[in-house]
Amino acid sequence: MADTGCFLDKKGENAILHLADGSRPLQGYSFGANTSISGEVVFNTGMVGYPEALTDPSYRGQILVLTYPLIGNYGVPDDTILDDLKLPKYFESDKIHVAALVVSSYSWEHSHWTAQKSLGKWLTENNVPGVYGLDTRELTKKLRDAGSLLGRVEVGPAPQSALDEPFRNPFKRNLVAEVSTKVVNTYGVGNSPKIIAYDCGIKYNIIRYLVETHKVELTVVPFDYDLEANPSKVAWEGLFLSNGPGDPTMCPQTITSIQYALKLVPPRPIFGICLGNQLLALAAGANTYKLKYGNRGMNQPCVDLRTGRCYITPQNHGFAVDSNSLPPLWKPLFINANDLSNEGVIHTCKPFFSVQFHPEASGGPLDTAFLFDKFVGHVCKIPQPLVLQNESAYIRKSYKKVLLVGSGGLSIGQAGEFDYSGSQCIKALKEEGIEVILINPNIATIQTSQENDSQNHGADQVYSLPIRPSIVMDIIHKEKPDGIIVSMGGQTALNVGIELWKSGELQAAGVEVLGTQIPVIEATEDREIFSEKLREIGETIALSYSAKTIDDAIVSANKIGYPVLVRAAFALGGLGSGFADNDAELRELAAKAFSCSSQILIDQDLRGWKELEYEVVRDCNDNCITVCNMENFDPLGIHTGDSIVVAPSQTLSNREYFMLRSTALKVVRHLGVVGECNIQYALNPKSEKYCIIEVNARLSRSSALASKATGYPLAYVATKLSLGKDLVSIRNSVTKTTTACFEPSLDYCVLKMPRWDLKKFHRVSNKLGSSMLSVGEVMAIGRSFEEVIQKACRMVNPALDGLEGRDSRLIPCEKETPLAVQLKEATDTRVFAVQAALEDGWTVDEVHDATKIDKWFLSKLMNIAQMRKACKESGSIKKLLCSNGRERMLSLKQAGFSDRQISRYVNKPGHHGEAEIRACRKELGVTPCVKQIDTLAAEFPAQTNYLYMTYSGDSNDVESPMAIDLPQDLSRSTSAINFEKRVRAVSDVHSGKRLLDFKERGVMVLGCGAYCIGSSVEFDWCAVSAVRQLRRDNIRSIIVNYNPETVSTDYDESDRLYFEELSLERTLDIYEHEGVSGIIVSVGGQIPNNLAGPLVENGARILGTSARDIERAEDRNQFSDMLDTMGIEQPAWSVLTSVEEAATFANKVGFPVLVRPSFVLSGAAMRVASDNTELKNFLALAEDVAADKPIVVTKFILGAKEIEFDAVANKGVILNYAIGEHLENAGVHSGDATVVLPAQKLYGNTIRHVKRYASAIARSLEITGPFNIQFMAKGNEVQVIECNLRASRTFPFVSKTLKNNFISLATRAMCGLSPTPYRISLLDIDYVCVKAPMFSFTRLRGADPTLGVEMASTGEVACFGADAHEAFLQALLATNFKLPPKNGSILVSIASTSFLYEFADAACLLKKMGYNLYGTPGTSKYYNDKFNLDMKSILKPEHEEDMTTDGIVQSSLNEIRAGKIDLLINVSDGTSVKGSVTGGYIMRRAAVDFGVSLITNVKCAVFFAEALFRGHDTFSSKTIKEFYQIPTIGWQAD
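All values derive from a computational prediction rather than experimental measurement.

## Some details on the pairing of strand E54 (residues 1355-1361)
Most of E54 is tucked away, with seven of its seven residues classed as buried. Across the two faces of E54 the burial is the same, with Gly1355, Val1357, Cys1359 and Gly1361 and Glu1356, Ala1358 and Phe1360 all buried.

Here is the structure:
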């Protein structure tokens, strides 16, 4: 058997980089020639273009350090392929000029259609050493601080010459003489005009640009060619001075010839670039100097001093012109926007000019290529247009009040990213002194908080109202804002803005749309206009037609050819879209798409092409940059929200990267976008052919991801731009010193992975396509692809140890769905099936053929599979590390393997095994280091607190004087006594020195992780509230989270932000590095709460309620035991020991019973079983979810009312509380329930019981911090359902309703700061707030839109009202519920007699209001017989295509699909098997699919009818503050 352990050993010979400053030699490994060489060590921050950089003659004699860590991905093209000029097509000269190449991580496998060999092979063929495995970020910081250093690369034994003279200075050589041509060469013979180019190291792309693009005859002469003597008799009309290496003063012959040319009369145009800029300046009489470390990269911002415009430029030079030394008549032309160094000179009255950068790029952007136009124009004696500054730079309109339109409740396709963008927008507006009015009914968001202090500025007025055009206009008439922003609230805000603009109401009210204008937005949203706009600039979209009827759609599809993509226009997240293979499938898809849009789009199918995205920013002065480019792991055909996405792109060459970038800038400028937008492409994987998929002229999900991936705050900057500011004047928020007009350089890799919750929904296919299905996402940061994808897997699902195949337990049964089929079909589990295939021995080529996933990505997954195999075959930690132990452990950690993962591979599973691996790893000296996200790859110093951890590094970017090393006591027992001693947190912080130490050490707050059903933006609000309170109390705050959609991961919110895993391993790593006083686990939902016990077992300190007491509450068995001991009522219960015992218990207490796992969120695997068969099935499901935690079966009480009790306690004493009631009866998960606060219909005795029980539980569990108890009440009997010793999803709702932040109070309690309770009297509040759930059933094809004990909602909204009915109806409208029009049609179908009776009065009210009532046969008969309602009977469908009628009575399915029903009220009896196809299910599903309003709960239906009858469909717009100010007796909100 082959030794698989070799997969853990580093490839290549040992290699060393010595530096002349005498610092410690840097150890690495060779991937190039086995030779030694010295040179000047310099760095380049470009993320692509290594073939171009290595052949750039300007690098002669230099050891090049590439800051981007993943190098070699796309191999090296064939150097024998020549262009039309007989020059190597893909290179900048005929050889490699760098002395050596140094990188962090080398990709041994490459993938690209142009690749002919690997980078390593190319280096070896050219006898150039390559070194990988160094901390290139730390090396860059050294070069930045100390300046460029001499260095020596050693691979193998050092030759004697190296020992005699270890550091040879290349600047002692005439480097220009080494790289310059020795003969005169002419290109483009016969072209005109004729230009001489001095070759000081000319790049081939300069020759191509002048000859092929500008059609000149270019004669390239040696650097020392005597122009005055002109021995070759070259005819010339213009002079070009090229780039080149080294010190310009080493070229006196060139300078002499330039001086001759400067004196000619009439003057002949001269243009120089890079070294040519310095040579022209020296010839004119100016001076040059050596820069500290030079400017090398592709993102240097340079300002044109004639216009103020800023351009992104590629550069490679170590010397600069001293602007102060320029003689008369010479002026600076460009300056560097960051360091203000000279970037060009110009003669004020003669056609002489030069620039320090490369307008022709390669690699890099071509933004300044117009300078070649100008030069050639001068040579051709064509008058050049006068270049003037844009007058808009001086036209600054001031705004006093701006209305910001939010996105409403979270839904699939429109989630927490808009809370982040809206919060950034508010911050930017408040900095400008603008009054901010916000409309957003999502009460769980940070942006709807109105706590104003010195550090946080919220909106001045918040309207928690439905986002409808009429309501927005009501607010505009009331508030009279100057401007409105509709680009920060997703498609919801955009659609409102478009409608109000088209109706002329915004213009009539004198309200200006800030940022991108509505006609521009319409041009991007309307496919026909968009296609025409692109045609105007020679760009194309995929073959596409719009259709307004189904027949039109079929005609279009047949023009294109099947398969086709069907999409609804003006829809978010691909709503209403899918692929059709024939006319029949198209008809079905088109009918659904038309239900949410009046226009649908039929697109060419480009599945299998690469999908790429660029985030673009443009200001009113036409400065335009791309902030981030991203590549989808999956090929085109999957909605980008459902795809794994990598930033920056990994498999694009320089040509492709900048081709798409140039197109992005061209398109955005042509459209006239001001602010931020993104552009999506499809790129043929076997050519440079591409087409544009779409442009989103607003902030999007990708915008939040790009902001967090780069550290560039897109929403903040876009807001400033919408006010008329320009990019140059805005500062980089991270460095604080450089401009915002730049393109970030990343020295790390970012991976976004979606989070799905499809298993919560029966009958929902997990196939991924053009319609988005994910409910959240995570972002992992690291310095290798293996590291980030393994991190991301653990982030998405904390039960996973990393990326594994069958060990993940996520692969569907292979008997039902063979692995080959799982690879071909994109699903939410395909990445695990891919990994299983690689683990099984499939080759990368075989997996690529099945999936079309790029081979480079698959090769990285293969590395993971091979390293996993090596670990498992070792069988023990001793054998695994018997040779090269530290190197092997480091290799595993650099590839993203967790301690828990490794422990399982070496047969040491569980917490004990994980602790053993941790101890072993630390003993070997393998620990993670802390790195900064600084936007500029360490080129400039940054005091940023935006951090991540990686094993691909040697040192920390930030240190902590408080760092600690937790003892690795592996003998620890988890017995109750020892556990109790370890976990009891110190709740008091005494005054004086101890308090000061506590504040300086700080507090670590664990965030919420990925948004999912049950854990959403409300927990981010809790985490942010905690951090803000810590900062108010001058306590150092450290937050850990990995969700790019959140405000908590905005680096402005905390003293330090770790964008990291919420795993035990990583939390302990950060805890040790930061040496904090304690950890808050109770504000981020279930994930951090579950870490309490393990953290304490490892010696960490938990603030607030002890881990032991958290366990007592979370463990269903222990909690139920405790309640019994205390004499507190609860439903009959039994802990599961066997299926038989559970069945015996169920039969004893009577069905239905509730199956409840412990330590889970959102009722995961919680089910109501109505018979023994269901009980058996549900127990098996719960067992899968609960792992080793107990499962409890309880009696399910029918017809009980559920009560929410949210509170904050300190040492067991309740400080403040809120009691809310569910509108629905118990049986609907609290996250899906409609909650009324303050409670309106509870008996006084019930409230007393609730308070008494809650106080007793708080004392027993010694609660310090936030907690939530759920009660049920039937009559006067009150029973406890469960207690969560953490913040619940209702905390923002409670806090904002009562105008007091419960989490702020809880934070002070947990930190031992003796908090004072708020003055709240629930009985004296004269308004009501109702929280309503937000569902995404429209996207979940096949899901049954009914409610149960497992949560299904994706978001929530809340509205205020004078009474519960007013608040309820507004909240319902805020969920996008459409009211039936006057005289509209309502279909009623109610299963049980008790529900029919309960709804009877409501049915009469609906009839009285003039609605046309329809009922299924049983329902209509009941109401007609008993109440004479004249309800028309309508047939219930028996199957999903049942459109039958009996000649008189219509089919309900037909009526719904035909749009003849405006509202369906369907209340099932709840006894049918979940997922079974009943007539009720078919009607409910049809209502969702065809955009018909739906109510499925009888309590809600009754409340709805009552609210309508009371006239609450019309109301006045009030802010939250106006409700707070309603006069009350005995209580007034402060």
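There's plenty left to go through after this.
## Some thoughts on the side chain of His1512
Within the fold, His1512 resides in the loop between helix H47 (1498-1509) and helix H48 (1520-1524). Excluding its chain neighbours within four sequence positions, the residues that come into contact with His1512 are Asp1363, His1365, Glu1366, Leu1369 and Ala1507.

## A short note on the environment of Glu505
Mapped onto the secondary structure, Glu505 falls in helix H13 (residues 505-508). Apart from the residues lying within four places of it in its own chain, the contact partners of Glu505 are Met473 and Leu500. In terms of polar contacts, Glu505 uses its side chain to reach the side chain of Ser503, at 2.8 Å.

## With respect to unusual backbone geometry
Along the chain, Val265 connects to Pro266 via a cis peptide bond; the corresponding omega equals -5°. Of note, Pro266 is situated in the loop between helix H7 (252-262) and strand E16 (270-273). Of note, the bond from Tyr562 into Pro563 is cis; its omega dihedral lies within 30 degrees of zero at 0°. Assignment of secondary structure puts Pro563 in the loop between helix H16 (550-560) and strand E28 (564-568). For Lys852, which is not glycine, the phi torsion reads 65° and is therefore positive. Topologically, Lys852 is positioned in the loop between helix H24 (844-851) and helix H25 (855-874). Positive phi, close to 50°, is recorded for Ala937, a residue that is not glycine. As for its position among the elements, Ala937 is in the loop between strand E38 (929-932) and strand E39 (946-950).

## Here's the deal with the packing of aromatic side chains
Aromatic ring pairs: the centre-centre distance and the angle between the two ring planes describe each pair. A full pass over the atoms with the stated rule returns 51 aromatic pairs. Both rings, one in Tyr614 and one in Tyr681, keep their centres 5.8 Å apart while their planes meet at 90°; by these two values the pair is edge-to-face. Here Tyr614, found in strand E31 (residues 610-618), pairs with Tyr681, found in strand E34 (residues 675-683); they are 67 residues apart in sequence, far enough to count as distant. A residue is classified by how much of its surface remains accessible, and Tyr614, at 0% relative accessible area, is buried. Assessed through its relative accessible area of 0%, Tyr681 is described here as buried. An aromatic cluster is defined as three or more aromatic residues linked by ring pairs; in this entry it consists of Tyr209, Phe240, Phe271, Phe353, Phe372 and Phe375. Above the face of the Tyr545 ring, Lys559 is positioned so that its terminal group lies 4.9 Å from the ring centre. Positioned above the aromatic ring of Phe1523, the side-chain terminus of Lys1518 is 5.2 Å from the ring centre.

## Some points on the sheet that holds strand E57 (residues 1432-1433)
With parallel pairing, five strands are arranged side by side in an open sheet as E57-E56-E55-E58-E59. Edge positions in the sheet fall to E57 and strand E59 (1493-1495), since each of these pairs with one other strand and no more. Note: strand E58 (residues 1463-1467) against E59, three bridges, orientation parallel. Note that in E59 the partner of Ile1465 across the bridge is Ile1495. The sheet contacts of helix H44 (residues 1417-1427) involve strand E55 (1385-1390), strand E56 (1412-1415) and E57, and relative to E55 the element is tilted by about 100°.

## Topic: the environment of Gln1086
Among the structural elements, Gln1086 can be located in helix H34 (residues 1086-1097). Residue Gln1086 is classed as buried on the basis of its relative accessible area of 5%. Expressed as a C-alpha distance, the spacing of Gln1086 and Glu1114, which sit 28 residues apart in the sequence, is 9.9 Å. Side chain to side chain, Gln1086 and Asn1090 meet in a polar contact 2.9 Å long.

## Notes on the nonpolar core
Soluble globular proteins: nonpolar side chains tend toward being buried together. Ranked by size, the top nonpolar core spans 319 residues in total, and within it Leu54 and Leu119 carry the most contacts. A total of ten residues in this core trace back to one element, the largest contributor, which is H25. Within the second largest apolar cluster, 43 residues are counted, among which are Cys1359, Ile1386, Cys1500 and Phe1504.

## A closer look at the side chain of Ser1016
Counting through the fold element by element, Ser1016 comes out in the loop between strand E40 (1003-1006) and helix H32 (1017-1032). Here Ser1016 falls in the buried class, since its relative accessible area comes to 6%. Apart from residues no more than four positions distant in its own chain, Ser1016 is found in contact with Leu410, Tyr1011 and Thr1354.

Rules and cut-offs
- Residues numbered from 1 in each chain as written.
- Predicted model: local features only at pLDDT ≥ 70, side-chain atom pairs only at ≥ 80, totals over all residues.
- Heavy atoms only, no water.
- Buried < 20%, exposed > 50% of the residue type's maximum accessible area, 1.4 Å probe, protein only.
- Helix = DSSP H or I, 4+ residues; strand = E, 2+ residues; numbered from the N terminus.
- Contact = heavy atoms within 4.5 Å.
- Polar contact = N/O pair within 3.5 Å; in protein donor to acceptor, adjacent residues only side chain to side chain.
- Phe/Tyr/Trp six-rings, centres within 6.5 Å; stacked < 30°, edge-to-face > 60°.
- Lys NZ or Arg CZ within 6 Å of the ring centre and 35° of its normal.
- Pairing = 2+ DSSP bridges.
- Axes fitted to C-alpha atoms, helices over the stretch in contact; angles between N-to-C directions.
- Core = buried A, V, L, I, M, F, W, Y, C linked by side-chain atoms within 4.5 Å.

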